[in-house]
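# Structure at a glance
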Amino acid sequence: MSLSAPSSRRSRPARAAGAALAACVLLGTLATTAGATTAAAAPAAPAAPTAPAPADCSAAYRVQQKLDGGTVWRMCWRYSTDSGLILDKVTYQPPGEPAPIRVLNSAKLAQIHVPYDDGNAEYDDLTGAGFGWGLQNLKPGECPGGTITSVKVPEVGKVNGLCTTTRARGHAYRMAADTGSKVWQAQGKDLLVYTVNKVGWYEYISEWRFSSDGTIGMNVGATGSLSPVDYNATDGRGWPIGKGARDYATSHAHNVFWKLDFGLDGSDKGRVEQFDSKVTPPAGDGSPTVKTTRTVVTRELAGDARNMRWWRVVSDTGKNKDGHARSYEIVPGHTHTYAGRPFTRHDVYFTQARACEQFASNNILDCGQGAPDSVDKWVNGETLKNPAVWVNIGFHHIARDEDQQPMPVHWQGFQLAPRDVTAMNPLTPADLAGQNGAPNLGS
């Protein structure tokens, strides 16, 4: 999705003191709260969880939802005129766990970097183009079955800009018995929390998706309109949009960064591990073999996704009922790695967490005189004691006729998948709960 040329982009207002604005909503039953409007009639909610909600924020500043199977997600949220929506103190409580499990201390967008193929324009949409001030009012139809809450944006006023709702995702699992006609299956729902921010001609849907099995999805959808001032790419750096060979929309990239501060089981001191698997061709008539190796990432790292490579963040303190350390695996979505800038050349960064390091490029916080302002330069060999995780998912947008008008949503993002957070599938039916590590033949 292209962005507009400098002359048509909204100028960024002067930053007010304390730009981060807290504004949150209680969603436990998808009911209306102060400052909120119900988008659509919601079905009756399940009974509230028996475990107490964390005292991390008051009820007016909390998102809480019980999903299928009994899973409960809780978190606080706030709004920043630089970052947009920020989620804090995210906890996951699957069935059978007596208390919420802390997953993330904080999670947010960390930059949307947009360079054009012709070299004439390049933007940092969060810290250089007024992203936070572009929060959009949402209509009830944009938040089906959910709640829209107003957010007070400095120099803009109140915006009905936050949607919290649930959405069906299809099968959570399915398993047929080896004998007889028994089938175990469940249909799942996700908790969705999202906003829409307009930058120039284009609009970003910032979506956070929480599933009953403990998975978290981070996605940005770009939509709106192709910039009418960018139909000038006649040198092979664009695509014809109008009739015949004319109206060439300039190609460009969207490099989206997220910043995650893990707090697994309430500890900041998680460790990072990288796994690589190597396939060895068969000898003679045998089969190929695969060996997987684990490398503990002890120092800051700029990592590149490769075939059969993955990373996880491991709890420093928590274990599941099998005695295995709890962790979350980073699962990148499809990406185009942009080589034009050093900070976009890698897919993931692990840095020692610092309060002043908040944006992957054009970092506007003061880290001291002469301090670098992009994530690639923060990777300088320090020992990782409290890792901050940065994920970069890129998209090279070569426009097409179907991008007008309006432009269909293009999604880019990644997931955090629970790995050994629970001893079994947290949605395991009661009659299969005894098969941990030893599935029955004929089950």
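The notes below deal with the structure included here.

Turning our eyes to something else, we now look at unusual backbone geometry. Cis geometry is adopted by the peptide bond preceding Q405, which originates at Q404 and carries an omega value of 0°. Locating Q405 in the fold gives a position in the loop between β22 (387–397) and β23 (407–419). Each neighbour pair has its own omega, and for Q405 with P406 the value is 10°, a cis peptide bond. Its location among the elements puts P406 in the loop between β22 and β23. The residue D265 is not glycine, and still its phi comes out positive at about 55°. Tracing the sequence through the fold places D265 in the loop between β15 (252–262) and β16 (271–280). If you check the backbone angles, M308 has positive phi at about 60° while not being a glycine. Along the chain, M308 turns up in the loop between β18 (301–303) and β19 (309–319). A residue is classified by how much of its surface remains accessible, and M308, at 35% relative accessible area, is partly exposed.

With that settled, the discussion passes to the nonpolar core. W73, L104, F210 and L416 are the most contacted members of the largest nonpolar core, which totals 60 residues. Counting residues per element, this core draws most heavily on strand β6 (residues 101–115), which supplies seven residues. Filtering out sequence-adjacent residues up to four positions away, L416 remains in contact with L104, G214, T215, I216, M218, L260, F262, Y328, E329 and I330. Residues F257, A360, W378 and W390 belong to the second largest nonpolar core, which totals nine residues.

The subject of this paragraph is the state of the cysteines. Using the criterion set out here, one finds three disulfides in the structure. Sulfur-sulfur distance for the disulfide between C143 and C163 comes to 2.0 Å. On the sign convention where negative is left-handed, the bridge of C143 and C163, at about 85° about the S-S bond, is right-handed. Of this pair, C143 sits in the loop between α1 (125–128) and β8 (147–153) while C163 sits in strand β9 (residues 157–176), and the two are 20 residues apart along the sequence. By relative accessible area, which is 0% here, C143 ends up buried. Across the disulfide from C356 sits C367; the S-S distance is 2.2 Å. With the S-S bond torsion at 115°, the cross-link from C356 to C367 turns out right-handed. Placement of the pair is C356 in the loop between β21 (348–352) and α2 (375–378) and C367 in the loop between β21 and α2, with a sequence separation of eleven residues. For C356, a relative accessible area of 18% puts it in the buried group. By sequence order of its bonded cysteines, the protein has the disulfide arrangement 1-2, 3-4, 5-6.

Another aspect to go through is the pairing of β23. Of the pairings in the sheet, the one linking strand β12 (residues 216–224) to β23 comprises eight bridges and is antiparallel in character. Looking across to β23, one finds that N219 is bridged to G413. Bridge count for strand β20 (residues 325–332) against β23 is six bridges, and the pairing is antiparallel. Residue pairing for β23: P332 is matched across the bridge by F414.

Before going further, it helps to spend a moment on the pattern of salt bridges. Scanning the entire structure with this criterion turns up 17 salt bridges. Note that D261 is salt-bridged to K259, the shortest N-O span being 2.8 Å. The same class applies to D261 as to K259, namely buried. The partner of R326 in a salt bridge is D265, and the shortest N-O contact between them spans 2.7 Å. Pair noted here: R326 is in strand β20 and D265 is in the loop between β15 and β16, with a separation of 61 residues, a long-range link. Assessed through its relative accessible area of 8%, R326 is described here as buried. Overlapping salt bridges bring together R169, D190, E207 and R209 as one network.

Criteria and thresholds
- Each chain carries its own residue numbering, running from 1 in the written order of its sequence.
- Given that the model is predicted, a residue must reach a pLDDT of at least 70 before its local features are reported, and side-chain atom pairs must reach 80 or more before they are shown or counted; all residues, however, enter totals for whole chains, interfaces and linings.
- Water and hydrogen atoms were dropped before computing side-chain values, which therefore reflect all heavy atoms in the structure.
- To qualify as a helix, a DSSP run of H or I must reach at least 4 residues; to qualify as a strand, a run of E must reach at least 2; elements of each kind are numbered from the N terminus.
- The classification of residues rests on relative accessible area computed with a 1.4 Å probe and restricted to protein chains. Under 20% of the type maximum is buried, over 50% is exposed, and intermediate values are partly exposed.
- Residues enter a nonpolar core if they are buried and are Ala, Val, Leu, Ile, Met, Phe, Trp, Tyr or Cys, with the set joined through side-chain atoms within 4.5 Å.
- In this description, contact between two residues means that some pair of their heavy atoms is separated by no more than 4.5 Å.
- Cysteine sulfur atoms that pair up within 2.5 Å are treated as a disulfide.
- One bridge is not enough; two strands pair if DSSP finds at least two bridges between them.
- When a carboxyl oxygen of Asp or Glu is within 4 Å of a side-chain nitrogen of Lys or Arg, the pair counts as a salt bridge.

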